[in-house]
Amino acid sequence: FPLVEAMGHRLPIVAARTAVTQEICEIAALYYSPADPMDACLTIEQALQPEFNKQLIKNGQERLTQFDWSWNRYAKDFVRLIDMVC
């Protein structure tokens, strides 16, 4: 997951406001409307401001510790979901 990798590399995240990005990042990202390029530009500019940048990085580091992002956990969850359906 690129967003998780970005958090792991201590990078600020600007992402489209979609259900999946908000589920992954929660408060570790700034969000823009996916259909609005100007909103994306303004949000990137906001993320580049030192106070937002530092806070996004801090929130990303905290988010990484709140959940097991490993592929091993993902595979186990995936198998569990398949078992539930079958």
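The structure contained in this document is the topic of the report that follows.

Definitions and limits used
- All residue numbers here refer to positions counted from 1 along the written sequence of the relevant chain.
- Reporting in this predicted model follows two pLDDT cut-offs: at least 70 for local features of residues, and 80 or more for side-chain atom pairs to be given and counted; totals over whole chains, interfaces and linings ignore these cut-offs and use all residues.
- Note: side-chain values were computed over all heavy atoms of the structure, leaving out hydrogens and water.
- Put simply, DSSP marks the helices as runs of H or I at least four residues long and the strands as runs of E at least two long, and each gets a number from the N terminus on.
- For a helix, the expected span equals 1.5 Å multiplied by the number of residues minus one.
- Summary of the burial criterion: residues with accessible area below 20% of their type's maximum are buried, those above 50% are exposed, and those between are partly exposed, where the area comes from a 1.4 Å probe applied to protein chains only.
- Read the arc as the range of directions from the helix axis to the C-beta atoms.
- In this description, contact between two residues means that some pair of their heavy atoms is separated by no more than 4.5 Å.
- Definition of a polar contact: a pair of N or O atoms within 3.5 Å, with one able to donate and the other able to accept a hydrogen when the atoms are protein atoms, and with sequence-neighbouring residues admitted only if both atoms are side-chain atoms.
- Interaxial angle, 0 to 180 degrees, is taken between N-to-C directions of lines fitted to C-alpha atoms, where a helix line uses only the stretch in contact.
- Here is the rule for angles: anything less than 35 degrees is roughly parallel, anything more than 145 is roughly antiparallel, 65 through 115 is roughly perpendicular, and the remaining ranges are oblique.
- Polar here means any residue other than Ala, Val, Leu, Ile, Met, Phe, Trp, Tyr, Cys and Pro, which are nonpolar, and Asp, Glu, Lys and Arg, which are charged; Gly is therefore polar.
- We call two strands paired when DSSP finds no fewer than two bridges between them.
- Crossovers are marked right-handed if the path from the first strand over the helix to the second runs clockwise, as seen with the strands pointing away from the viewer.

Time to look at the environment of Leu-56. Relative to the helices and strands, Leu-56 is located in helix H4 (residues 50-65). Each C-alpha atom of the pair Leu-56 and Cys-25 lies 9.9 Å from the other, and the pair is 31 residues apart in sequence.

Under the 1.5 Å per step criterion, the end-to-end length of helix H3 (residues 37-48) is 17 Å for 12 residues, consistent within 8% with the ideal 16 Å. Within the sequence span of H3, burial applies to Ala-40, Thr-43 and Ala-47. Looking straight down H3, one finds that the buried residues subtend no more than 70° of arc, so they occupy a single side. Seen from the open side of H3, the exposed residues pointing more than 90 degrees away from its buried face are Met-38, Glu-45 and Leu-48. Of the surrounding elements, those touching the buried residues of H3 are strand E1 (13-16), strand E2 (29-32) and H4. Backbone nitrogen of Met-38 and a side-chain oxygen of the N-cap are separated by 3.1 Å at the start of H3; the cap is Asp-36.

Let us look at the packing of H3 against H4. As a packed pair, H3 and H4 sit with axes 5 Å apart at the nearest point and diverge in direction by 85°. Taken as axis vectors, H3 and H4 run roughly perpendicular relative to one another. Contacts from Gln-46, Ala-47 and Leu-48 of H3 reach H4 at Pro-50, Phe-52, Asn-53 and Leu-56. When the residues that make up the contact of H3 with H4 are grouped by side-chain class, the tally is 5 nonpolar, 2 polar and no charged.

Take the pairing of E1 next. With 4 bridges connecting them, E1 and E2 associate as parallel partners. Residue pairing in the sheet places Ala-16 in a bridge with Tyr-32 of E2. Handedness of the crossover joining E1 and E2 through helix H2 (residues 19-25): right-handed.

Structurally, the position occupied by Thr-21 is in helix H2. On a C-alpha basis, the gap between Thr-21 and Leu-3 in space is 7.8 Å, while along the polypeptide they are 18 residues apart.

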